[in-house]
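What follows is the residue order along each chain.
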Amino acid sequence: MGHAIRRGALGDVEQLRPLWVSMVEHHREVSGRAWPVRNANDAWRRRREEYVAWLGDGTGTLFLAGARDGRALLGYAMLKVHAPGATWDLSDEVGELESLAVLPEARGAGVGTDLIGACREELRRRGIEYWAVAYVEANLGAQRLYEREGFRSYYRNMLGRVDRGEP
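Residues numbered from 1 in each chain as written. Predicted model: local features only at pLDDT ≥ 70, side-chain atom pairs only at ≥ 80, totals over all residues. Heavy atoms only, no water.

> Would you mind showing me how to read the packing of aromatic side chains here?
Given two aromatic rings, one states the distance between the centres and the angle between the planes to describe the pair. Under the definition given, this model contains nine aromatic pairs. An angle of 40° between the planes, with centres 4.8 Å apart, marks the rings of W131 and F151 as tilted. You can see W131 sitting in strand β5 (residues 131-133) and its partner F151 sitting in the segment after α4 (140-148), a full 20 residues away along the chain. When its relative accessible area of 10% is taken as the criterion, F151 is described as buried. The rings of W20, W44, Y51, W54 and Y76 are connected pair by pair, giving a single aromatic cluster. (Phe/Tyr/Trp six-rings, centres within 6.5 Å; stacked < 30°, edge-to-face > 60°. Helix = DSSP H or I, 4+ residues; strand = E, 2+ residues; numbered from the N terminus. Buried < 20%, exposed > 50% of the residue type's maximum accessible area, 1.4 Å probe, protein only.)

As structure tokens, then:
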């Protein structure tokens, strides 16, 4: 543990691409191809636009994790803040761990935990009490990480094809 975590900026977005692509391919792998996953380049183009918008309008905060020597980018987290839905009394703003990507060779070494910690501290600093994360249900490693960090299931999203009701 104890990776070098720093706040990222708009100029850091381009270096996230390899991590994002790795995450998309991981989603493809853990989903067992049961669900359609976009081409990684198309997915990156879309997500890059969102990151730029979120960092530009102040709703997003980027954290980068590197090796202590500062040379290698090992992972990143994008934290987004928004108004909660109408049903739940979660105050005026909630956080959402929108993306957490760690290089495959760095998974299990505490990078994700350190990034989550940085996000948690940002939310505390802002006085935000609740946050959410979504993950591919078949990604049991992500589930274990988020549960260790105190996340609990409270709402389930389901997906089905309109024409058949199955994946």
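What follows picks up the thread again.
> Looking at this structure, how should I read the pattern of salt bridges?
A side chain with one charge may pair with a side chain of the opposite charge, provided their charged atoms come close. By the definition in use, this model includes 16 salt bridges. When the shortest N-O distance is used, the salt bridge between R125 and E122 registers 2.8 Å. With a gap of three residues between them, R125 and E122 both fall in helix α3 (residues 111-126), about one helical turn apart. Take R125: its relative accessible area is 60%, and that puts it in the exposed class. The salt bridge involving E137 is made with R156; its shortest N-O contact spans 3.5 Å. (Salt bridge = Lys/Arg side-chain N within 4 Å of Asp/Glu carboxyl O.)

> Explanation requested: the nonpolar core in the structure shown.
When a protein is soluble and globular, its nonpolar side chains tend to lie buried together. Counting residues in hydrophobic clusters, the biggest one holds 42 residues, and the most contacted among them are W20, Y51, Y76 and Y146. Those elements giving two or more residues to this core turn out to be α1 (17-30), α2 (40-57), β2 (60-66), β3 (73-82), β4 (94-102), α3, β5 and α4. Apart from residues no more than four positions distant in its own chain, Y146 is found in contact with L97, L100, I116, V133, Y135 and F151. (Core = buried A, V, L, I, M, F, W, Y, C linked by side-chain atoms within 4.5 Å. Contact = heavy atoms within 4.5 Å.)

> Quick question: what am I supposed to make of α3 here?
Because each turn of an α-helix spans 3.6 residues, side chains separated by three or four positions end up pointing in the same direction. With 16 residues, α3 should cover 22 Å at 1.5 Å per step; its first-to-last C-alpha distance of 23 Å lies within 8% of that length. Its buried side turned inward, α3 meets β1 (4-7), β2, β3, β4, β5 and α4. Immediately beyond the C-terminal end of α3, within one or two residues, lies G127, with a positive phi of roughly 75°. (Expected span 1.5 Å × (residues − 1).)

> Got a minute to help me understand α2 in this structure?
Here α2 contains 18 residues, and its C-alpha end-to-end distance of 25 Å stays within 8% of the 26 Å for a straight helix at 1.5 Å per residue. Within α2, the full set of buried residues consists of A40, A43, W44, R47, Y51, W54 and L55. Axial view of α2: buried residues confined to an arc of 95°, hence all on one face. Exposed side of α2, more than 90 degrees from the buried face: G56 and D57 are the residues found there. Where α2 is buried, its residues meet α1, β2, β3 and β4. The opening residue of α2 is N39, an N-cap whose side-chain oxygen sits 2.7 Å from the backbone nitrogen of N41. Two residues or fewer after α2 comes G58, characterised by a positive phi angle close to 85°. (Arc of directions from axis to C-beta. Polar contact = N/O pair within 3.5 Å; in protein donor to acceptor, adjacent residues only side chain to side chain.)

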